[in-house]
Amino acid sequence: MTYKPFQIGVRPDWLISDETTHDVSLREVLALLAAIDATGNIAGACRECGLSYRHAWGILRKFEAHFGVPLMITRRRQGTQLSPFAQRLVWANRRIEARLMPMLESMASELQEELERLLSQNAEHVRLHASHGFAVEALLRHMQGRTPGLELRYRTAIEALASLERHECDLAGFQVPLGDFQAPILRRYSPWLDAGAYRLIHLAVRSTGLFVEAGNPKAVQGMADLARSDVRFVNRQIGSSTRYLVGLMLERLGISIAQVQGYETSEFTHMAIAAHIASGMADTGIGVETAARRFGLDFIPMVQERYFFAVHCDTLETPAVQSLLQIMRSDNYRDEVRQQVGYDATETGMIQTLQEAFG
């Protein structure tokens, strides 16, 4: 039999069961509710989901019976709208997807490369360990179906650099803020960054800052507001470079982490931070501007960060890495990175020494 290229995807699914029914998937009703929320009406949602009007109402009635509460409410002169319960379902699903999708993408990538190695003995792969970012996501999409392939595993910057030192990956992604916080961040990375052994591939510059609800009802202006008793913060996970940056910013302002309500509350991705705030669970959090805009949040810029891939000098010249560089330098890839709000792809694909990058 002839080997045929394929693409593996892993998606989260909700299941509901009761005394009479077991493991009914909510995928269809959640997609319908999200489409109603996006389009503002059932007719538009039917077109988006490819459903008949009758079938859509059948789905809604079925799950109203399961939950015992209405999913739609009809008000005079306002038409039909999602009920508060349905709105909460939609936002809960968005938070789940924002939390899980990067991990599931990483698992799918890992599984795909394992299976392709079994099916094709000549398959080449570039192993990338990197913290989550939109330019990294885009690179994975552009490498799909290509030879060599890209095996992506999401790691914190420290974990990625440590993996590179142990030769467990070919590329390690990490970010460094421009300006005053560059030096302390570099000191944190220094045990794993050998200037003689590595070269840096520039991925992008991205804008990082505070997310707040549209209209900024709490009038958050900057990091100093995190010490206010009426401001709830959501942080990045322990070990992440963004969380370390938050600590540096607070330290500079003389604010202890004990003063920050929600400092120990954490999410693993920029999108999860945005979903957390958009659903009303926090007033502010920190991440890349792209995520804030996708959830309709306002954004308060704090720092510009350069994102790099570290690579061993001898690995840089391999055909697999050179092929990846060709993709990174292509107009198609750079255009997609530029389209991410808050991203700059001017130097994408540039090779630098550590001295050239940081002086």
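Below or above, wherever it landed, is the structure these notes cover. It should be emphasised that the depicted structure is a prediction, and the values quoted were computed from it without experimental measurement. (Residues numbered from 1 in each chain as written. Predicted model: local features only at pLDDT ≥ 70, side-chain atom pairs only at ≥ 80, totals over all residues. Heavy atoms only, no water.)

Here's the deal with the overall build of the protein
Here comes step 1: Looking only at helices and strands, the protein has 14 helices and 14 strands in total.
Here comes step 2: The globule rule puts the C-alpha radius of gyration for 359 residues at 21 Å, and the 23 Å found for the protein is close to it.
Here comes step 3: Considering only contacts within the protein whose residues lie at least 6 apart along the sequence, 72% involve residues at least 24 apart.
Here comes step 4: Accessible surface, the protein as shown: approximately 17,100 Å² in total, 50% of it carbon and sulfur.
Here comes step 5: Here the protein contributes 37 positive and 41 negative side-chain charges, whose respective centroids are spaced 6 Å apart. (Helix = DSSP H or I, 4+ residues; strand = E, 2+ residues; numbered from the N terminus. Rg over C-alpha atoms; globule rule 2.2 N^0.38 Å. Contact = heavy atoms within 4.5 Å. Areas by Shrake-Rupley, 256 points an atom, 1.4 Å probe, with all protein chains shown as cover. Lys, Arg positive; Asp, Glu negative; His and termini not counted. Charge placed at Lys NZ, Arg CZ, Asp CG, Glu CD.)

Concerning the packing of helix H1 (residues 27–39) against helix H2 (residues 42–49)
Here comes step 1: Two elements in contact, H1 and H2, have axes whose closest approach is 8 Å; the angle formed by their N-to-C orientations is 125 degrees. Between H1 and H2, the crossing angle belongs to the class labelled oblique. As H1 packs across H2, the resulting crossing turns out to be right-handed. The segment H1 lies against H2, with Ala31, Leu32, Ala35, Ile36 and Thr39 engaging Ile42, Gly44, Ala45, Glu48 and Cys49.
Here comes step 2: For the contact of H1 with H2, the class distribution of residues is seven nonpolar, two polar and one charged. (Axes fitted to C-alpha atoms, helices over the stretch in contact; angles between N-to-C directions. Parallel < 35°, antiparallel > 145°, perpendicular 65-115°, else oblique. Left-handed = near helix turned anticlockwise from the far one by under 90°. Nonpolar A, V, L, I, M, F, W, Y, C, P; charged D, E, K, R; others polar.)

A word on the pattern of salt bridges
Here comes step 1: Evaluated as defined, the whole model comprises 16 salt bridges.
Here comes step 2: The shortest N-O distance in the salt bridge between Arg206 and Glu305 comes to 3.2 Å. Taken together, the residues span a long stretch of sequence, with Arg206 in strand S8 (residues 198–212) and Glu305 in strand S12 (residues 298–312) at a distance of 99 residues. In this pair, the class of Arg206 matches that of Glu305, namely buried.
Here comes step 3: With its nearest N and O atoms 3.2 Å apart, the salt bridge here joins Glu289 to Arg293. With Glu289 and Arg293 both in helix H10 (residues 289–294) and four residues apart, this pair spans about one turn of that helix.
Here comes step 4: A residue is classified by how much of its surface remains accessible, and Arg293, at 37% relative accessible area, is partly exposed.
Here comes step 5: Here the salt bridges share partners, and the residues they tie into one network are Lys218, Arg232 and Asp283. (Salt bridge = Lys/Arg side-chain N within 4 Å of Asp/Glu carboxyl O. Buried < 20%, exposed > 50% of the residue type's maximum accessible area, 1.4 Å probe, protein only.)

A word on helix H12 (residues 319–328)
Here comes step 1: Where H12 is concerned, the buried positions are Ala320, Val321, Leu324, Leu325, Ile327 and Met328. Around the axis of H12, the buried residues are gathered within 155 degrees of arc, so they sit on the same side. Set apart from the buried face of H12 by more than 90 degrees, the exposed residues are Pro319 and Gln326. (Arc of directions from axis to C-beta.)

Some thoughts on the side chain of Ser241
Here comes step 1: Tracing the chain through its elements places Ser241 in helix H8 (residues 241–253).
Here comes step 2: For Ser241, a relative accessible area of 5% corresponds to the buried category.
Here comes step 3: In this structure, Ser241 is in contact with Ala157, Gln175, Ile185, Arg188 and Tyr189, ignoring residues within four places of it in sequence.

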